[in-house]
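Summary of structural features
For reference, the chains in residue letters:
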Amino acid sequence: MGKKKSTSAAVNLITGGGAGMMEALVCHPLDTIKVRMQLSRRGRQPGTKARGFIGTGAAIIKRETPLGLQASAPGSPTPLAITSKAIFLAGLSAGVTEAVAVVTPMEVIKIRLQAQQHSMSDPTDVPKCRNAGHALFTVVREEGFGALYRGVSLTALRQGTNQAANFTAYTYFKEQLYNYQPEYVGGTLPGYQTTLIGLVSGAMGPFSNAPIDTIKTWLQKTPAQEGVSALQRITRIAGDMFRQEGVSAFYKGVTPRVMRVAPGQAVTFTVYEFLKAKQEKSKLVGGGVEYSE
């Protein structure tokens, strides 16, 4: 295959940031539904039935108005011609890094806000945490700064496996499309193809690590218990879930999560590739060294 210039760090930063912002705005309501499904106790008592994806969303809108779906509304790879193992490890490392540096504190605050059930149409129904800033202040004041990193190991494991699967699948599918369509080598694939492979690759992570995400949500939702280690809490949460609801408890919320993550990755990759092509074409940012693809 021919040679082309690698994308500069500045282009990656600009296009990745724009793509990530678009993905968050479009897909956040599905994340709220996912968290509510994971934390729901319906179905544990005799005579009650767990709500599904549509039922949960409808219940949120009915009680909290459509704004309830946006509660707590607060990275993109550049595939290169390197081995699948290297891509997998790069994705794994990226996921772990973002989990430790950014995602875990944001997840704790997000879940605390999403777990609140109050009517936004009733001014007398005042939630404990009014917004992200207030939730941050409340958590630190009542539980200490360390509470922001509750579940960091599970978050790192979830983010790492997500990005590893996503990077690897997207790069593989992209290379296959280039092989079948050599006329696009050195350029950008049609937008619909980028969207399709982004959608498929984005769905792989949620299906593979749903149990990790569900346990993480419960762990981050509740304050720590004195004298109980994180491992003990994780074991206890997992044991209670299995005893009360069986294996299906670990996959609660997987439908809205896939519906949130897969389209989110499709949006991210499509916007990223589009903006990258525009940036390189306009020559607003210089290119890097050459590499063989």
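Nothing here was measured: the structure is a model prediction, and the numbers come from that model.

1. Things to note about the overall build of the chain
Of the regular secondary structure elements, the chain holds 8 helices and 2 strands. For the chain, the succession of helices and strands along the chain, N to C, is β-α-α-α-α-α-α-α-α-β. Put simply, the chain has 293 residues, and 46% of those count as buried. As displayed, the chain has an accessible area near 15000 Å², and 64% of this comes from carbon and sulfur atoms.

2. Some points on the nonpolar core
By size, the foremost hydrophobic cluster in this structure holds 15 residues, and its most contacted members are Leu-154, Ile-215, Ile-237 and Met-241. Elements supplying a minimum of two residues to this core: helix H1 (9-39), helix H3 (84-115), helix H6 (191-221) and helix H7 (230-245). Core analysis: the second largest hydrophobic core is formed by 7 residues, Ile-109, Leu-113, Ala-135 and Val-139 among them.

3. Considerations on the confidence of the model for the chain
Here the chain averages 78 in pLDDT, while 74% of its residues score no lower than 70. At the low end of the mean pLDDT range in the chain sits strand S2 (residues 290-292), at 37; at the high end sits H7, at 92. Low confidence marks residues 75-81, where pLDDT is under 50. Its contacts with residues over four positions away, or in another chain, come to 21 contacts. In the predicted structure, residues 284-293 sits below a pLDDT of 50 and forms 29 contacts with residues beyond four places in sequence or in another chain.

4. Topic: the packing of aromatic side chains
On inspection of all chains with the given rule, the structure shows 3 aromatic pairs. Between the aromatic rings of Phe-145 and Tyr-149, the centroid separation amounts to 6.2 Å while the plane-to-plane angle is 45 degrees, which identifies the pairing as tilted. The class of Phe-145 is exposed, set by a relative accessible area of 55%.

5. Some thoughts on the packing of H3 against helix H5 (residues 152-180)
Viewed as axis vectors pointing N to C, H3 and H5 meet at an angle of 140 degrees, and their least axial separation amounts to 6 Å. Classified by the interaxial angle, the pair formed by H3 and H5 is oblique. In terms of crossing hand, the pair formed by H3 and H5 is right-handed. Along the lines of polarity and charge, the residues of the contact of H3 with H5 split into 12 nonpolar, 11 polar and 3 charged.

6. Some details on the environment of Leu-39
The topology assignment puts Leu-39 in helix H1. In this structure Leu-39 touches Ala-115, Thr-217, Trp-218 and Lys-221, once residues within four positions along its chain are discounted.

7. Side note on a nonpolar patch on the surface
Together, Leu-196, Leu-199, Val-200 and Met-204 line one region of the surface with nonpolar side chains, adding up to about 320 Å² of accessible area. Structurally, Val-200 can be placed in helix H6.

8. Overview of the environment of Gln-193
By secondary structure assignment, the location of Gln-193 is in helix H6. Judged by relative accessible area, Gln-193 falls into the buried class, the value being 6%. Sequence spacing of Gln-193 and Thr-270 is 77 residues, and the spatial spacing of their C-alpha atoms is 8.8 Å. At a separation of 3.1 Å, a polar atom in the side chain of Gln-193 contacts the side chain of Tyr-192.

9. A look at the pattern of salt bridges
Under the counting rule described, the total for this entry stands at 12 salt bridges. We note a salt bridge from Arg-141 to Glu-142, for which the minimum N-O separation is 3.6 Å. Owing to a relative accessible area of 43%, Glu-142 belongs among the partly exposed residues under this scheme. One network of salt bridges, in which partners are shared, links Glu-107, Lys-110, Arg-158, Asp-213, Lys-216 and Arg-257.

10. Some thoughts on the side chain of Ser-201
Residue placement: Ser-201 occurs in helix H6. A distance of 2.9 Å separates a polar atom in the side chain of Ser-201 from the backbone oxygen of Ile-197. Look past the residues within four positions of Ser-201 in its chain and what remains in contact with it is Asn-166, Ala-169, Tyr-170, Phe-173 and Phe-269.

11. Let's talk about the side chain of Lys-252
Here Lys-252 is to be found in the loop between H7 and helix H8 (254-282). Of the residues examined, Lys-252 reaches a relative accessible area of 12% and is grouped as buried. Setting aside anything within four residues of it in sequence, one finds Lys-252 in contact with Met-37, Gln-38, Ser-40, Arg-42, Thr-214 and Glu-245.

12. Structural notes on H3
Owing to its 3.6 residues per turn, the α-helix aligns residues three or four sequence positions apart on the same side. With 32 residues, H3 ought to run about 46 Å at 1.5 Å a step, yet its terminal C-alpha atoms sit only 39 Å apart, falling short of that. Remark: the principal bend of H3, roughly 55 degrees, maps to Ala-99.

13. Side note on the packing of H6 against H8
A pair of packed helices is captured by two measures, namely the crossing angle of their axes and the spacing between those axes. It is at 7 Å that the axes of H6 and H8 come closest, and there the two elements cross at 145 degrees. For the crossing formed where H6 meets H8, the hand is right-handed. Split into classes, the residues belonging to the contact of H6 with H8 amount to 12 nonpolar, 10 polar and 3 charged.

Criteria and cut-off values
Residues numbered from 1 in each chain as written. Predicted model: local features only at pLDDT ≥ 70, side-chain atom pairs only at ≥ 80, totals over all residues. Heavy atoms only, no water. Helix = DSSP H or I, 4+ residues; strand = E, 2+ residues; numbered from the N terminus. Buried < 20%, exposed > 50% of the residue type's maximum accessible area, 1.4 Å probe, protein only. Areas by Shrake-Rupley, 256 points an atom, 1.4 Å probe, with all protein chains shown as cover. Core = buried A, V, L, I, M, F, W, Y, C linked by side-chain atoms within 4.5 Å. pLDDT = per-residue confidence, 0-100. Contact = heavy atoms within 4.5 Å. Phe/Tyr/Trp six-rings, centres within 6.5 Å; stacked < 30°, edge-to-face > 60°. Axes fitted to C-alpha atoms, helices over the stretch in contact; angles between N-to-C directions. Parallel < 35°, antiparallel > 145°, perpendicular 65-115°, else oblique. Left-handed = near helix turned anticlockwise from the far one by under 90°. Nonpolar A, V, L, I, M, F, W, Y, C, P; charged D, E, K, R; others polar. Patch = residues over 30% accessible without salt bridge, like charges linked within 9 Å, V, L, I, M, F, W, Y side chains within 5 Å. Salt bridge = Lys/Arg side-chain N within 4 Å of Asp/Glu carboxyl O. Polar contact = N/O pair within 3.5 Å; in protein donor to acceptor, adjacent residues only side chain to side chain. Expected span 1.5 Å × (residues − 1). Bend = angle between axes of the 7 residues up to and from the residue.

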